[in-house]
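Summary of the model geometry
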Amino acid sequence: MQTSYRLAINGRFLTQRLTGVQRYAQEVLRALDSILNESAWKGVSVTLFVPPKTDVSLQLSHIRIVEGGIGRGYFWEQVSLPLLARKCFLLNLCNLGPLLHTNKATIIHDAAPAAIPEAFSLSFRLAYRVLVPLVAATSRSIMTVSEFSRQEIANFYGINSEKIIVVYAGGDHILRSKADVGILSRLGVAKGQFFLAIGVGAKNKNLPLSLSAFSNFHTNNPNVLFVVTGNRDKNIFKEVHFTKTNGIILAGYVSEEELRALYEHCTALIFPSTYEGFGIPPLEAMTLGTPVIISTQPALQEISLNSALSVNPTDSPTLENHMQRLSHEPALRKELQRLGFKRSQELTWKRTAKQILSTISQIAPN
């Protein structure tokens with residue numbers, strides 16, 4: 001039976017810097033647009049509401065884009081958006097949404113501001129401490145990105161875990177970009193002769209552990225380098241201190257095309273995070289057949305399903321040993337490539353979009 005209702009999407013995320021949460025929102029939007037012409041969803045009318053003067057670069061065929069209201073930040077979300085979307089069921093993709101619009105579903109990605117407060121600014125923590133429980137209480141459905149996040153959100157925000165539905169993210173967006181192999185020469189690295197880390201500024205990415213392990217590894221493997229990408233967001237993340245050693249290349253921001261090339265030609269992605277709600281970079285890497293080293297953090301284990309090497313977030317010697325093995329054991333690399341790629345085929349954005357629409361269709365009025 002065909003489902004019919006009007007769905008509005010909170011487009012405030014398009015005014016924000018692209019991090020994992022905003023990435024999730026953009027890819028869900030693209031995937032939703034791609035499935036709306038399927039028979040099951042042809043009766044769903046979707047409108048993306050965005051603040052004034054928002055640069056919407058996404059190419060959408062079936063989702064209408066409406067710019068309106070006043071303001072851009074919390075004011076637009078709390079005051080303008082409820083008016084714009086008053087006749088629709090509202091989907092909030094990035095943790096927060098308007099309290100006055102109660103006919104809504106909200107995706108809360110994790111409880112990081114409460115679980116690891118030292119990684120966030122005071123204003124950011126306070127906003128989430130106040131707004132997340134209120135948004136959850138006024139939402140008809142809460143979704144999140146992993147079973148780990150479901151339990152964390154319940155524990156830290158006092159939300160009934162039975163109300164929270166797990167909707168995994170995808171990693172196949174990385175396939176849209178053509179690899180820019182020129183990044184290798186620009187950074188001075190050779191194919192298969194470097195490890196890769198994503199996110200230099202976020203404390204939970206556990207960069208000091210990676211640097212410590214690589215420093216010891218590099219002593220006996222001087223031709224292998226370590227590329228670290230990303231820039232620190234001063235408005236959210238506090239300073240991350242580390243000592244730069246030989247063989248480490250701070251690449252800063254890289255484009256999607258450059259990132260794909262780095263994934264495809266590194267020895268492995270190093271991702272020993274202390275806290276993640278999901279972890280998109282390991283899934284991106286696995287989608288491209290890149291071996292991955294992750295921490296024993298529950299969300300990363302949940303996503304990888306034994307398709308990656310694991311290390312305790314404080315265990316530098318084991319991480320160094322994993323680097324040694326991946327550098328010198330081609331059979332191990334090949335097996336991890338196979339397992340990772342297989343797992344990545346189970347977690348796609350189209351699957352995510354269909355789960356979200358299926359959930360909403362059960363509660364949205366016709």
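What counts as what
Residues numbered from 1 in each chain as written. Predicted model: local features only at pLDDT ≥ 70, side-chain atom pairs only at ≥ 80, totals over all residues. Heavy atoms only, no water. Pairing = 2+ DSSP bridges. Helix = DSSP H or I, 4+ residues; strand = E, 2+ residues; numbered from the N terminus. Axes fitted to C-alpha atoms, helices over the stretch in contact; angles between N-to-C directions. Polar contact = N/O pair within 3.5 Å; in protein donor to acceptor, adjacent residues only side chain to side chain. Contact = heavy atoms within 4.5 Å. Disulfide = S-S within 2.5 Å. Buried < 20%, exposed > 50% of the residue type's maximum accessible area, 1.4 Å probe, protein only. Expected span 1.5 Å × (residues − 1). Arc of directions from axis to C-beta.

1. Some points on the sheet that holds strand β5 (residues 104-107)
Backbone-to-backbone hydrogen bonds join strands into a sheet, with any given pair of strands oriented parallel or antiparallel. The strand order across the open sheet formed by 7 strands is β3-β2-β1-β4-β5-β6-β7, and the pairing between neighbours is parallel. The two strands at the open ends of the sheet, each matched to only one other strand, are β3 (64-67) and β7 (164-166). The sheet shows a mean angle of 25 degrees between the axes of neighbouring strands, direction not considered. As defined by bridge partners, strand β2 (residues 44-50) adjoins β3 across 4 bridges and the pair is classed as parallel. By the bridge assignment, F49 is partnered in β3 with V66.

2. Some thoughts on the side chain of R150
Mapped onto the fold, R150 is located in helix α5 (residues 147-157). A distance of 2.8 Å separates the side chain of R150 from the side chain of E147, its partner in a polar contact. If we skip the residues at most four places from it in the chain, R150 touches T144, S161, E162, I164 and V166.

3. Description of the state of the cysteines
One pass over the full model with this rule turns up 0 disulfides. C88 carries a free sulfur, and the closest cysteine sulfur to it, the one in C94, is 18 Å from it.

4. Let's talk about unusual backbone geometry
Despite not being glycine, L305 has its phi angle at roughly 50 degrees, a positive value. Relative to the helices and strands, L305 is located in the loop between α10 (298-304) and β13 (309-311). One non-glycine residue, N306, adopts positive backbone phi at about 65 degrees. Summarising the element assignment, N306 is placed in the loop between α10 and β13. Owing to a relative accessible area of 66%, N306 belongs among the exposed residues under this scheme.

5. Let's talk about helix α11 (residues 316-328)
Residues that lie three or four places apart on an α-helix share one face, since the helix turns once every 3.6 residues. For α11, built from 13 residues, the straight-helix expectation of 18 Å at 1.5 Å per residue is met to within 8% by its first-to-last C-alpha distance of 19 Å. Three or more residues of α11 are buried, namely S316, L319, E320, H322, M323 and L326. Down the axis of α11, the buried side of the element spans an arc of 155 degrees, and every buried residue falls inside it. Buried residues belonging to α11 abut β8 (194-198), α7 (207-220), β11 (268-271), β12 (292-295), β13 and α12 (330-344).

Purely geometric stuff here, so don't read any function into it on its own.
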